[in-house]
Amino acid sequence: MKKILFVTSEAHPLIKTGGLADVSGSLPKAFAELSQDVRLIMPNYQALNLSGDVHTVFSLRADNRQINILETRLPDSSIPVWLVDCPEFYNFPGNPYTDGQGNPWPNNAERFSLFCRIAVICAMDKIGQNWKADIVHCNDWQTGLVPALLSLEKDRPATVFTVHNLAYQGLFPASRMVTLNIPGQLWNPDGLEFHNLLSFIKGGLAFADCITTVSPTYAQEIQTSAFGYGLEGLLRYRNNALVGIINGIDTDQWNPETDGYIPQRFNVDSLHDKTRNKTELQQRMQLPVNDSIPVLGLISRLVEQKGIDMVLDCLPEMLSMDMQFVLLGSGDKVVEQRLQTWAEAHPDKIAVTLGYDESLAHLIEAGADIFLMPSRFEPCGLNQMYSQRYGTIPIVRKTGGLADTVIDTSWETLANGSASGIVFNDANSGSLLEAIKRTLLLYRNTEQWRKMQANAMCKDFTWRRSAEEYLRLYESIS
Ligand code: ADP
Ligand code: GLC
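Residues numbered from 1 in each chain as written. Chains lettered and ligands numbered in written order. Predicted model: local features only at pLDDT ≥ 70, side-chain atom pairs only at ≥ 80, totals over all residues. Heavy atoms only, no water.

Trainee: Go over the packing of aromatic side chains with me, naming the residues and quoting the values.
Mentor: For any pair of aromatic rings, geometry is given as the distance between the ring centres together with the angle between the planes. What the rule picks out here adds up to 18 aromatic pairs. Between Phe112 and Trp141, the aromatic rings sit 5.4 Å apart at their centres with planes inclined by 75°, giving edge-to-face as the arrangement. Taken together, the positions of Phe112 in helix α3 (residues 108-123) and Trp141 in the loop between β6 (135-139) and α4 (145-150) put the pair 29 residues apart, joining distant regions of the chain. According to the relative accessible area criterion, Trp141 is buried, its value standing at 8%. These aromatic residues form a ring-pair network of at least three members: Tyr97, Phe112, Trp141, Phe172 and Phe200. (Phe/Tyr/Trp six-rings, centres within 6.5 Å; stacked < 30°, edge-to-face > 60°. Helix = DSSP H or I, 4+ residues; strand = E, 2+ residues; numbered from the N terminus. Buried < 20%, exposed > 50% of the residue type's maximum accessible area, 1.4 Å probe, protein only.)

Trainee: Report on the site of ligand 2, specifying residues and quantitative values.
Mentor: By nearness alone, 14 residues border ligand 2, and His164, Asn247, Glu378, Cys380 and Gly381 come closest of all. A distance of 3.0 Å separates an oxygen atom of ligand 2 from a polar atom in the backbone of Cys380. Across the complex, the protein chains shield 93% of the 310 Å² of accessible surface that ligand 2 would expose by itself. A total of three residues in the shell around ligand 2 trace back to one element, the largest contributor, which is helix α1 (residues 19-33). Per-class residue counts for the shell around ligand 2 are six nonpolar, six polar and two charged. (Near = heavy atom within 4 Å. Polar contact = N/O pair within 3.5 Å; in protein donor to acceptor, adjacent residues only side chain to side chain. Areas by Shrake-Rupley, 256 points an atom, 1.4 Å probe, with all protein chains shown as cover. Nonpolar A, V, L, I, M, F, W, Y, C, P; charged D, E, K, R; others polar.)

Trainee: Before we move on, can you summarise the packing of helix α11 (residues 308-319) against helix α12 (residues 333-345) with the specific residues and values?
Mentor: The packing of two helices is summarised by the inter-axis angle and the distance between the axes. Closest axis-to-axis distance for the α11/α12 pair is 11 Å, and the angle between their directions is 10°. Here α12 runs roughly parallel to α11, going by the angle between their axes. When you trace α11 past α12, the crossing you get is left-handed. Residues Ile308, Leu312, Asp313, Leu315, Pro316 and Leu319 of α11 touch α12, and the partners they reach there are Val335, Arg338, Leu339 and Trp342. For the contact of α11 with α12, the residue count by class is eight nonpolar, no polar and two charged. (Axes fitted to C-alpha atoms, helices over the stretch in contact; angles between N-to-C directions. Parallel < 35°, antiparallel > 145°, perpendicular 65-115°, else oblique. Left-handed = near helix turned anticlockwise from the far one by under 90°. Contact = heavy atoms within 4.5 Å.)

Trainee: Could you give an account of the sheet that holds strand β15 (residues 350-354), with specific residues and numbers?
Mentor: Strand pairs in the sheet, formed through backbone hydrogen bonds, run parallel or antiparallel to each other. If you trace the six strands from one edge of the open sheet to the other, you get β15-β14-β13-β16-β17-β18, paired in parallel fashion. Two strands in the sheet have a free side with no partner beyond their single neighbour: β15 and β18 (422-424). In this sheet, neighbouring strand axes are inclined to one another by 15° on average, regardless of whether the strands run parallel or antiparallel. In this sheet, β15 lies alongside strand β14 (residues 324-331) in parallel orientation, the contact comprising five bridges. In the strand pairing of β15, Gly329 is matched with Leu354. (Pairing = 2+ DSSP bridges.)

Here you go:
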């Protein structure tokens, strides 16, 4: 049994901006089911959705500030969560990383370097809990300083750094090295320095005993200049310590047979029941209620990564097709505005909900026929897996985890029972449009469509295999 400290900046259902929260809320549960002694540590944001007991386990001073370590449990589990409580940094409403306009909080370097320092203190059992980690598993740039700082400790735990998205790196002016009081020996081109900037993510990439990313294909892609953001050299250099492990999904939360957010539960043997969810979705989005019109759904952060610009380019042609398009998302204000304009001009075909809405996300997964995910890059992606589980056929671009989790439909894959979606190659609107047309043709062949839905719904997206892979990795470094 390993003592695993899982260091993360978000975890569902406590707080979520994207897939990192889904992973942080579900992978530790899979570890616990495999009899591991796992804990989470995260900042005590004001917006945390806390329930049950929360109590202080330790108080200390760090970076000249008074810090409390609070302890609670990950909801619906017995997994302890340590909350780093520093009100002047974390006691603000809203998003963990940005203000209401989407601008990064100006003191993010201070906020997350403090978080990393405290994670190191906890991992080393300097808080009197008689619990010293064997493994410290860090996630994304917000936790990047942990492996760097731990590398300076004697008798330290082994470290794993998981890249959920290399596009976000935590880059700050070099002067912050001093103001954040980071030990000078970490400042060199093989360490935290990146073109004379302080790079939090390099703390993970350069110092962790092992680097993982969330799909095998993305593990290859980030070693190329097209996906590496200048870090491809370092990643190639650390190739022997780099592995891609595909994410699982929380099959309790995302289960069409038990989903409490949807009006009609269903499974692969009662696919006709999916229709009621489609009706509800059409009603809720004020679209004409008609079961024979295919509904395309999309749920996403509206950022360049997700290829929404390509979807916008396709909308004029899509309007001439027999389809309805439902989008739920938030992000880039210009994109939000453009989407809204389209929806206002074509309310019978396009429905857009801006914002974050957990229950609508479930209804779209359950009620749509087709799910669009044309990402330019996608480290793993979760919605394409949720979609398959709900018999909602995903259209995805062949990149990262999308390439690893969706099998394109062809005569061959239909014959061998593996076809579970539509995969297209090029990141341009022409290719996406072709893929949409191909999907709508397949949709008209009900027998084939049912087969694809059944293939998709029967796939195993549970965490177990991936969690076991992580454990083997932990074993190899500790
Ligand atoms: P990423 O982490 O890059 O945003 P993922 O596919 O890994 O992409 O995970 C996104 C998660 O966030 C999914 O659980 C998705 O349903 C959810 N999500 C994204 N946008 C919204 C939204 N506007 N409302 C509700 N859930 C959303
Ligand atoms: C990131 C990636 C996404 C991945 C998620 C969880 O946000 O963009 O592809 O699924 O992390 O690993």
